[in-house]
Amino acid sequence: MPGAATVPPIRLGVVTAQTPPWAAVVEQWQEIEALGFDSAWLTDHFMTHGDEDAPIFEGWTALAGLAMATSRIRIGLMVTGNTYRHPSVLAKQAVTVDHISGGRLELGLGAGWWEREHEAYGFDFPGPGELVGRFAETLDLLERLQAERRTEFTGRYYSTRDTPFAPKSLQSPRLPVTIGCKGPKMLALTAAHADAWNTRGTVEMVAPRMAALDDACRLIGRDPSTLVRSVWPYEASFDSVGDMAESIGGYREAGFTEIILDWPQEPERLAVLRAASRDLFPSLRRS
């Protein structure tokens, strides 16, 4: 279980699109870093919602490139789909990106959910029980690979045999884990394994999940305050800096200490985000 960490007052991050041209993605991330954000994220998808023929870069490969194009911000995928890779391969990918970035990786993880994407790319899409079972084994195996010189693992869904795993991550004792979820079984796994929890929804939707996560932490003897509460809002207004402050304030009042925003595509909304990074975000960090 993660140790007793001091939860920061607020962290601010951005999720960006990962569509060509590559130079534009690099430019976005370098601006995000220059604007003072704490983190930047891609998603783990092979196709886009709405227009399936729209071009999109693969997340982990792109993240490795962006690690070399930035120097300060924390980086990650919001979040990695567990069903797309064997956990031992994912562990290698993640530790490699951690080294490329100089120890800035946030390991975002989720059970997987988009059935159409699984169908399109030839991945099996199990039912909810197996999705959670696979995810639980992945969390165990990821932790063991990072802790042990050689790993023997026999699970219902995954196994390894006398697996060497070097190098270890630059971050110690392991990569920090963000789990994206909302259901009770996944919240229990979050309480047991995660450093941060991310969820999506309106304030009214996510508040009950916050209480359920607190209960899951207490059930295993974990101080709920040691788990960063992260939200990717549905209600982060980009109409004005004042409206953004109000919408973020609702999530902060609900107890969230990390706000992950979308990088806007529209010039007028992007102008609001740039203004907020100058006029709003410094005061949020001081409050």
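What you see is a predicted model; the values in this text were computed from it and never measured.

Visitor: I'd love a proper account of helix α7 (residues 203–219), names of residues and values included.
Guide: With 17 residues, α7 should cover 24 Å at 1.5 Å per step; its first-to-last C-alpha distance of 25 Å lies within 8% of that length. Along α7, the positions that sit buried rather than exposed are V203, V206, R209, M210, L213, D214, A216 and C217. Mapping the buried residues of α7 onto a view down its axis gives an arc of 160 degrees, with all of them on the same face. Away from its buried face, by an angle of more than 90 degrees, α7 presents the exposed residues E204, R218 and L219.

Visitor: Run through the packing of aromatic side chains, naming residues and quoting values.
Guide: Each aromatic ring pair is described using two quantities: the centre-to-centre distance and the angle formed by the ring planes. Within this structure, the stated rule accounts for nine aromatic pairs. Ring geometry for Y84 and F123: centres 4.9 Å apart, planes at 50 degrees, overall tilted. Residue Y84 is located in the loop between β4 (80–81) and α3 (87–100), and its partner F123 is located in the loop between α4 (115–121) and α5 (128–147); the two are separated by 39 residues in the primary sequence. Taking the relative accessible area as the measure of exposure, F123 reaches 26% and is therefore partly exposed. Taken together, the ring pairs in this structure connect F46, Y84, Y121 and F123 into an aromatic cluster. Over the ring of F165 we find K92, and its NZ or CZ is 5.1 Å from the ring centre.

Visitor: I'd love a proper account of the pairing of strand β7 (residues 159–164), names of residues and values included.
Guide: Summarising the sheet, strand β6 (residues 150–154) and β7 pair through four bridges and their orientation is antiparallel. The residue bridging R150 from the neighbouring strand is P164, located in β7. Linkage of β6 to β7, two consecutive antiparallel strands, is achieved through a turn of four residues.

Visitor: I'd like to hear about the environment of S240, residue by residue, with values.
Guide: Along the chain, S240 falls in the loop between β10 (228–233) and α8 (241–253). Classification of S240 as partly exposed rests on a relative accessible area of 27%. Taking C-alpha positions, S240 is 8.5 Å from A276, a pair spaced 36 residues apart along the chain.

Parameters at a glance
Residues numbered from 1 in each chain as written. Predicted model: local features only at pLDDT ≥ 70, side-chain atom pairs only at ≥ 80, totals over all residues. Heavy atoms only, no water. Helix = DSSP H or I, 4+ residues; strand = E, 2+ residues; numbered from the N terminus. Expected span 1.5 Å × (residues − 1). Buried < 20%, exposed > 50% of the residue type's maximum accessible area, 1.4 Å probe, protein only. Arc of directions from axis to C-beta. Phe/Tyr/Trp six-rings, centres within 6.5 Å; stacked < 30°, edge-to-face > 60°. Lys NZ or Arg CZ within 6 Å of the ring centre and 35° of its normal. Pairing = 2+ DSSP bridges.

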